[in-house]
Amino acid sequence: MSTTPVKFYQVGSFAVGNRLLPAAAGSVQSDMERTNALTSGHRACQGCGEALGARYAMDAAMRAANDKVIAVNATGCLEVFSTPYPESSWRIAWLHSLFGNAPAVATGVAAALRAKGRTEVRVIGQGGDGATVDIGFGPLSGMFERNDDVLYICYDNEAYMNTGVQRSGATPAAARTATTQAVGPEPGNVFGQGKNVPRIAMAHEIPYVATATVADLRDLEAKVARAMEFRGARYLHVLVPCPLGWGSQSCDTVKIARLATQSGLFPVFEAERGEVVSSTPIRQRVMVEEYLKLQGRYSHLFSPKRRDDVIDRLQAAADRNIKRYNLMPEEAGDL
Amino acid sequence: MEKPFAITLQVESSLANHTGSWRVERPQYVNLMPPCNNACPAGENVQKWLYTAEDGSYEEAWRALIVENPFPAIMGRVCYHPCQTVCSRGQLDEAVGINSVERFLGDLAIEKGWSIPVTAPSTGFKVLIIGAGPTGLSAAYHLRRMGHAVTIRDAADVAGGMMRFGIPKYRLPRNILNAEIARIEDMGVRFQLNHKVDNVQDAIDDGFDAVFLAVGAQIGKRAYIPAGEAARILDAVNVLHDVADGEAPLLGRKVVVYGGGNTAIDVARTAKRLGADEAMIVYRRTREKAPANDTEIQEAIEEGVLMKWLSTVKHADAGVLKIERMELDDKGFPQPTGEFEDLEADSLVLALGQEVDLSLVNNLPDVEVRDGVVHVDPNMMTGRAGIFAGGDMVPAERTVTTGVGHGKKAARNIDAWLRKEKFEKEPIPRVVEYSDLNPWYYTDAPHAVRPRLEGVRRASNFDEVVQGLDESTALYEARRCMSCGNCFECDNCFGVCPDNAVIKLGPGKGFEFNLDYCKGCGICVSECPSGSIIMIPEKS
Ligand SMILES: Cc1cc2nc3c(=O)[nH]c(=O)nc-3n(C[C@H](O)[C@H](O)[C@H](O)COP(=O)(O)OP(=O)(O)OC[C@H]3O[C@@H](n4cnc5c(N)ncnc54)[C@H](O)[C@@H]3O)c2cc1C
Ligand SMILES: Cc1ncc(C[n+]2csc(CCOP(=O)(O)OP(=O)(O)O)c2C)c(N)n1
Ligand code: SF4
Ligand code: SF4
Ligand code: SF4
Ligand SMILES: [Mg+2]
């Protein structure tokens, strides 16, 4: 007789909640009493992945830190859409300074708290990819290097969205932005440039580095909670699709993030003190094309002429990630 | 407002900004028709009772089920479960074992002795039902729940119809059948057994306000087969009836059954159990074309029943049959080939289908008979006002479940007719398609297969072949349901909204949209696993 233990639940832990699970085992987002750190009335575009990711991360941080959190925000969409004077969407202690100095300001807040003996209050620095990988990178590296007690979260939408979709050091190869037009023999952003900040963070051998997306809420929440167990510098890199900049449908935000992970283009993993300690296996593998074709920023790869050469290069990058982060452990032997 | 030092912006002051005005489309929660419910001939709300069973509320689930069908324990054994054929989960891994969960609930109800109280006040109307097969019993049950006084007359000395005299007990144990019929009797339905009705008009004159005919199709079809005097030719329905009565018809060592339907399979399997060395089915077409349920063909083969496809019986003699080989033509029809062979057989059992005994409506000229069955209108009423009919005696698929569905439908229409009203069926919502679902969210979980008695061992006795699920496997199976088109409170919409515009009302209460802030992005629609949210255009 084939039997399976009764512990099986209809949607496992993939959905936000599960009425068959005890409340304590539910996600932060399924909780009617969640903080709603970033509440309604903000001016983010329809279907904004960054607004979603910020609420996910901050609500999880609030639960992990018993509601004692101060967030320092870099300039960028997240700051602009949440706090157009005189309104604010934040329901947490929140501080804005400049585009390039959020890590430094967060370091300062942490130092002040330490001086006041208020180390139960946890500090989070946050910003977009431009703020993180480009203009704020010096302060960020310094914050890592000094092992300041800050969790820094980068909401990566892969370009400078707030100022009109300019390329950043996190813009992927072949993507069209306002400054990497789809023209010439190699249209879109060039191959072989840009920065992989999670790996750069790991090179600083800080206590904790992780990646996540808005497609896997449980994983994102677990990583925020894990990060809060450490003291010192921690880095979380969250992929947040941007319907405007990526030329995707607003309803596809979560789906596109999911395809980014299931294609292998965006590896989801965590590292401690410079070593990868776990990665999230791909559950339903897709070819990169499935991910690319939902996005206007890659439309030049499909028309007027299909660019298999470019698609193949992107596929090769995904395949490399799959190997490098062991994203398909069952097939590892065959690779 | 006065703000503390260094505080420039009031907390959550953005709530003043009603971003809902950006919207051109709005999300809306819906309840769609799950494919299973749509396919159930008895109209069961499968999704609803599975959902209820998922948290272990078995009695509540059973009560939700029996709103439509009084026989879950019987269904769980004999229904051909068309619900599972269309189950959406079949496209993900394997269909939900709806039928086995139904059986689990039915058996549990019997074990626990759950009864069905009649709470409706008495209407004062009296309804006569002729025939205590599944169709008549179902009508009686539903009419009784509505508060009518119900009498069932049946020619046999015990109720059940073909569920008792056709379906063998290795598929439907009699204690189960008896228990589910007894529950209907306990509701106050009057049974008049050994009461053959020859003339419906006389019965009406007994003072009934409406009559429901459900006499089934009892007469085995005869085919002309040239036969020697000593040939032993029997009729399948009679053989099964005798066995059900506890008699052992003389079939001999080698039995040939002629026909390709479920009755043929049941007779062949019964012959094996009665001790025949060899039971062989002869059918003029192929296995694929045989009307019998394939699982049952498979079970018969496992028990050692032999199959001779593409063959007809040309002549029967004592101990030997002449068989002609057939061939399918381009249209798939069997054509004779002129090739013959002899087959040893002590008896030939004909299982060529059943016909309706229409004598009881002979003197009701308004009741129209077409092609040997009684014609009814969409409300199950015959040409004679107040006389309704259903089940095997009207044109429809001949299954227990269809009969149960007819009984329910007839009951609703009889009720309306008695009250001089018209029964209005609620409009059926759109049927869920697989593309409405977001299967990503469902964990991979293949079907918990019901254990079966091992082939050779089971062929020698009348023990039940298919065993039930235990509690843990039944629960597991129920939880595989994807809740097509109906919210199951997974909280996805509440979680994925970037604008925090979904209000969670609490367990069991569902969700609401906060249209002051919903921008109409549609993420909630895309990420709802069960397809329970749709986008509709905003009125401009
Ligand atoms: C061998 C066999 C196996 C089957 N297996 C299955 C199965 O596994 N699953 C399935 O869904 N279906 C199965 N069927 C079909 C199913 O049994 C019938 O479709 C179903 O029983 C029809 O129900 P009914 O109430 O319309 O008629 P019946 O079940 O035939 O009941 C009619 C009743 O009316 C009574 N009656 C007849 N004439 C009179 C009269 N003049 N006065 C008073 N009473 C009268 C009879 O005694 C009988 O009790 C099987 C049928 C057979 C023969
Ligand atoms: C020193 C400085 N240079 C330029 C700007 C203009 N500016 C504001 S936000 C922004 C881009 C933000 O990009 P990113 O950090 O990726 O965040 P996003 O808007 O994409 O979320 C720029 C260039 C500025 N505010 N300050
Ligand atoms: S998954 Fe559930 S609701 Fe959907 S068809 Fe199957 S049993 Fe019915
Ligand atoms: S996710 Fe939120 S904003 Fe988007 S359509 Fe649904 S309720 Fe509206
Ligand atoms: S997302 Fe989940 S909770 Fe929301 S409507 Fe769909 S099934 Fe219900
Ligand atoms: Mg950006």
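Residues numbered from 1 in each chain as written. Chains lettered and ligands numbered in written order. Predicted model: local features only at pLDDT ≥ 70, side-chain atom pairs only at ≥ 80, totals over all residues. Heavy atoms only, no water.

Residues and elements named next belong to chain A. Every protein donor of the magnesium ion (ligand 6) is listed here as Asp129 (OD), Asn157 (OD1) and Ala159 (O), and their distances to the metal cover 2.0 to 2.1 Å. Counting the intervening residues between successive donors of the magnesium ion (ligand 6) yields the motif D-x27-N-x1-A. A residue pair is termed long-range when its members are at least 10 positions apart, and Asp129 in helix H4 (residues 129-135) and Asn157 in the loop between strand E4 (150-156) and helix H6 (197-203) qualify at 28 residues. Both residues of the pair, Asp129 and Asn157, belong to the buried class. (Donors = N, O, S within 2.8 Å, 3.2 Å for Na, K, Ca; no water. Helix = DSSP H or I, 4+ residues; strand = E, 2+ residues; numbered from the N terminus. Buried < 20%, exposed > 50% of the residue type's maximum accessible area, 1.4 Å probe, protein only.)

Residues and elements named next belong to chain B. Among the secondary structure elements, Arg144 is positioned in helix H7 (residues 134-145). One buried charge, Arg144, has no salt-bridge partner; the nearest side chain with opposite charge is Asp415, at 11 Å. The contact partners of Arg144, leaving out residues within four places of it in the chain, are Val118, Ala149, Val150, Met187, Gly188 and Val189. (Lys, Arg positive; Asp, Glu negative; His and termini not counted. Salt bridge = Lys/Arg side-chain N within 4 Å of Asp/Glu carboxyl O. Contact = heavy atoms within 4.5 Å.)

Attention now goes to the site of ligand 2. The full set close to ligand 2 counts 16 residues, and Cys77, Gly130, Ala131, Ala159 and Met161 of chain A are the nearest of them. The element that contributes the greatest number of residues to the shell around ligand 2 is H4 of chain A, accounting for 4 residues. (Near = heavy atom within 4 Å.)

Turning our attention to the site of ligand 1. Residues and elements named next belong to chain B. Around ligand 1 there are 32 residues in total, and Val78, Asp154, Arg171, Gln218 and Asp392 lie nearest to it. Note that an oxygen atom of ligand 1 is positioned 2.6 Å from one of the side-chain N or O atoms of Arg171. Taking 990 Å² as the accessible area of ligand 1 by itself, protein coverage stands at 95%. At the level of elements, H7 and helix H12 (262-273) are the ones that each hand at least two residues to the shell around ligand 1. Two domains share the shell around ligand 1, each providing at least three of its residues, namely domain 2 (126-219 + 355-418) and domain 3 (225-351). (Polar contact = N/O pair within 3.5 Å; in protein donor to acceptor, adjacent residues only side chain to side chain. Areas by Shrake-Rupley, 256 points an atom, 1.4 Å probe, with all protein chains shown as cover. Domains from an automatic or database assignment.)

With that out of the way, let us pick up unusual backbone geometry. Note the cis peptide between Tyr85 of chain A and Pro86 of chain A, where omega equals 5 degrees. Note that Pro86 of chain A resides in the loop between helix H2 (77-82) and strand E2 (93-96). Here the residue pair Ser303 of chain A and Pro304 of chain A is connected by a cis peptide bond, since its omega of 5 degrees sits within 30 degrees of zero. Mapped onto the elements, Pro304 of chain A comes out in the loop between helix H10 (288-292) and helix H11 (308-324). Phi at Asn36 of chain A takes a positive value of approximately 55 degrees, unusual for a residue other than glycine. Examined against the element boundaries, Asn36 of chain A turns out to sit in the segment before helix H1 (49-64). The backbone phi angle of Asn500 of chain B is positive, close to 55 degrees, even though this residue is not glycine. Relative to the helices and strands, Asn500 of chain B is located in the loop between helix H17 (492-496) and strand E19 (502-506). The buried category is assigned to Asn500 of chain B, whose relative accessible area is 11%.

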